[in-house]
Every structure is written in structure tokens, then in C-alpha cells.
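# Inside the fold
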Amino acid sequence: MPEVITIGESMVMFIAKQGESLELVSDFSRHLAGAESNVAIGLARLGHQTGWISAIGNDPFGTYICNTISGEGVDTSAVTVSLVHSTGMLVKERNDGGDPQVYYYRKDSAAANFTLEMLQERYFENGKILHITGIFPALSPSTKDALFTAIKMAKKHGLMISFDPNIRLKLWTAQEAKETLLEIAEMSDLILPGLHEAELLVGTTNWEQVSKFFHEKGNQFVIMKNGADGAYYSIRERDGSILEGYEKGFKVETVVDTVGAGDGFAVGLLSAMREGLSLGEAVRRGNAIGSMAVMVRGDYDGYPTREQLEAYLAK
């Protein structure tokens, strides 16, 4: 059974091969996209046992997604195959050096119709971490209910809840996102918002105020990602004291694709925590893998193996 479990939608992704507006593009490459499966894949590449919970359509794209994820060493036994709903997809423009424009085609997808009845509580029995994002509860009322149920199942079995808000305002309003994500935050042990997410949820990017806010919500670990510059971090010790710090980011000469950097950060952070490293060391590893992710095209393509990570950190 997996030690780190994720739950969320993965889609087939088509990336334009020409750097033009999509109506002019005729050639695309096929990839996999999904924040939660990105994390599961990244952790598996570092030797951790991971599992991904989701739903896919009974179609070629669903088969491609499941085969790709399981081929990376991620357990997919908790994935439901829908005979009614199709697999979601997205199309991404090519934008060398910046954030690409992304177009989603996921409405009424198999994952958006995931229900709490599809969850298997026994899947959480031997786990250590449940990693979730704010994307899955935004897909539909049923995915929101399923996510809250998954959190309760995980907490019942003693798993740490790792939460990346990963706000997608294309899926819901800022107010809806804030209300739901703050509710999830109260159930989480670790939260890792980016600067803009912290501002939406807390109303400020002031680190002292952000960390205080989430520690008071019940989070033991608070990490605020500051993009390429690095990340703030703090941990509330058992005696109530707060240990905090800042880890600088890794310099990248050429940024190819920024998508997947935040999930790469989570990969580095969670893997290091599972291996007993300090929170500062874990954040440094998160910064490292996040920087490796932006050097290549594709969401998780830049995530390293153990050997590649050690060589990168030794530079």
C-alpha cells in the first residue's frame, strides 16, 4: 500500500509545437497533466511508494493516462473507470520563457463526476501522507464532498494532510475558493500556498501574518512559495514555539515552461520530510526540484531520479 496518496483529476494534454496562436498551429505533442499525479510521479521517481485516486473515462485517453502514471511506479488500483463520462483534456500554447495560455476541456469529465462512494477507506490504512490540492474540490459538488471524505478517512488512520491551495479561478469564484480552501486548511497539517494564493486566502503576503494565520488555523507546517526567489517556512513545535526561516531559490538560466514547478516543490518537500530531513532542508530540496521542472517542457518531465537530484544539489 502507498505511503503517499494523492487524489485529483489528470487529463491528456496537447502542447503546440509552434509558438503561434492556437488557431494557426497544426502540430501538437501529447502529454499528461494533473497536479496531484505530478506529485505522485515525482515522489515515485525518488523511490517513494505512491498512490493516485481518481476516475478516468473508458476511452483511449483514459488508458493512456492510467498506463503512463502506473508506468512511473505509481499505484493506480484505486482509480475508477467510468463507462458514462469521458476523460478530460487540455491544450497548451507554446510560450518560450513565460506562462503559456492553457485551454481546458474538462466539463462533465469522469473525474468531475467522482463521488465519495468511489473511495476505499482501506486504501488509507497504511499511508503516511495524503497530498491534496484546491483543484479537485473546485470541479463539482461531488468532488468537493469526496475530497472532504478522503481527508476524514486519512485523518482517521493517522495520515498527515499536505495541502497545496493551487487556486484555479477558471473553476470557481475567488469567494467560493476562499471559503472552501480555508475550510480545508483547518483540516490540514501542512499548507504551502504561493504568494498570490496567500493574498487571496489571508489578505496579505506579509510572511509573519501569513504564518501566524495558518498556525492559528491548526497547521503545524506553513510554507509560502516565493517563486524563483525561494520560500519561507515555519514549524510549530510541540511546546508551542515557532521555528522559521527562508531558503533561497536556485538560479535558472533559461526558463522553458513554468507549469509543474509548484508540484515539483511539493515533491522535494514531502520526499525530504519522509526521509527525516529538517524543514529547512526539505524546503531547499523543494526549491531545487521546482527549478529543475522549469528547464524542460511538460508538467513533470523535469522531475529527477534520486541520482539526478543528488548530482544537481552537488553543483
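Read on for an overview of the structure. This is a predicted model, so every value here is computed, not measured.

### With respect to the overall build of the protein
From N to C terminus, the protein includes ten helices and 13 strands. Relative to the globule expectation of 20 Å for 315 residues, the C-alpha radius of gyration of the protein, 18 Å, shows essentially globular dimensions. Projected onto its principal axes, the C-alpha positions of the protein cover 55 × 45 × 40 Å. Classification of the 315 residues of the protein by burial places 57% in the buried group. Across the protein, contacts joining residues at least 24 apart in sequence account for 69% of those joining residues at least 6 apart. With the model as given, the accessible surface of the protein reaches about 13500 Å², and the carbon-plus-sulfur share is 48%.

### Notes on a nonpolar patch on the surface
Side chains of Val 81, Leu 83 and Val 84 sit close together on the surface and give an oily, nonpolar patch of about 350 Å² of accessible area. Tracing the sequence through the fold places Val 81 in strand S5 (residues 79-82).

### Quick word on the sheet that holds S5
Strand order in the open sheet formed by nine strands is S5-S4-S1-S8-S9-S10-S11-S12-S13, with mixed pairing between adjacent strands. Two strands bound the open sheet, and with one partner strand each, they are S5 and strand S13 (242-248). Direction of pairing for strand S10 (residues 190-191) relative to strand S11 (residues 221-225): parallel, over a ladder of two bridges. Paired with Ile 191 across the two strands is Val 222, which belongs to S11. Along the sheet face, helix H9 (residues 279-293) touches S11, strand S12 (230-236) and S13 and points at about 155° away from the line of S12.

### Overview of the packing of helix H4 (residues 141-156) against helix H5 (residues 174-186)
How two helices pack is summed up by the angle between their axes together with the distance between the axes. Relative orientation of the contacting elements H4 and H5 amounts to 10°, with a least axis distance of 11 Å. As judged from the angle between their axes, H4 and H5 are roughly parallel. Residues Lys 144, Leu 147, Phe 148 and Ile 151 of H4 form the contact with H5, whose own contacting residues are Thr 180, Glu 183 and Ile 184. Its residues assigned to classes, the contact of H4 with H5 comprises four nonpolar, one polar and two charged.

### Things to note about the pattern of salt bridges
In the structure shown here, the tally under the stated rule is ten salt bridges. For the salt bridge of Lys 225 with Asp 164, the shortest nitrogen-to-oxygen distance reads 3.3 Å. Separated by 61 residues along the polypeptide, Lys 225 in strand S11 and Asp 164 in strand S9 (residues 160-164) bring together distant segments of the chain. Taking relative accessible area as the criterion, Lys 225 reaches 12% and is therefore assigned buried. Residue Asp 164 is classed as buried on the basis of its relative accessible area of 1%. Overlapping salt bridges, with partners in common, bring together Lys 92, Asp 257 and Asp 299 in one network.

### With respect to the environment of Gly 57
Mapped onto the fold, Gly 57 is located in strand S4 (residues 50-57). Residues Gly 57 and Val 12, 45 residues apart in the sequence, show an inter-C-alpha distance of 11 Å.

### Here we look at the sheet that holds strand S7 (residues 102-105)
Taken in spatial order, the four strands line up as S3-S2-S6-S7 in an open sheet, and their pairing is mixed. If you trace the sheet from one side to the other, it starts and ends with strand S3 (28-33) and S7, each paired once. The sheet shows a mean angle of 25° between the axes of neighbouring strands, direction not considered. The sheet contact formed by strand S2 (residues 11-16) and strand S6 (residues 89-92) spans four bridges and is parallel.

Each value, and the rule that gives it
- Residues numbered from 1 in each chain as written.
- Predicted model: local features only at pLDDT ≥ 70, side-chain atom pairs only at ≥ 80, totals over all residues.
- Heavy atoms only, no water.
- Helix = DSSP H or I, 4+ residues; strand = E, 2+ residues; numbered from the N terminus.
- Rg over C-alpha atoms; globule rule 2.2 N^0.38 Å.
- Buried < 20%, exposed > 50% of the residue type's maximum accessible area, 1.4 Å probe, protein only.
- Contact = heavy atoms within 4.5 Å.
- Areas by Shrake-Rupley, 256 points an atom, 1.4 Å probe, with all protein chains shown as cover.
- Patch = residues over 30% accessible without salt bridge, like charges linked within 9 Å, V, L, I, M, F, W, Y side chains within 5 Å.
- Salt bridge = Lys/Arg side-chain N within 4 Å of Asp/Glu carboxyl O.
- Pairing = 2+ DSSP bridges.
- Axes fitted to C-alpha atoms, helices over the stretch in contact; angles between N-to-C directions.
- Parallel < 35°, antiparallel > 145°, perpendicular 65-115°, else oblique.
- Nonpolar A, V, L, I, M, F, W, Y, C, P; charged D, E, K, R; others polar.

Any link to function would need more than the numbers given here.
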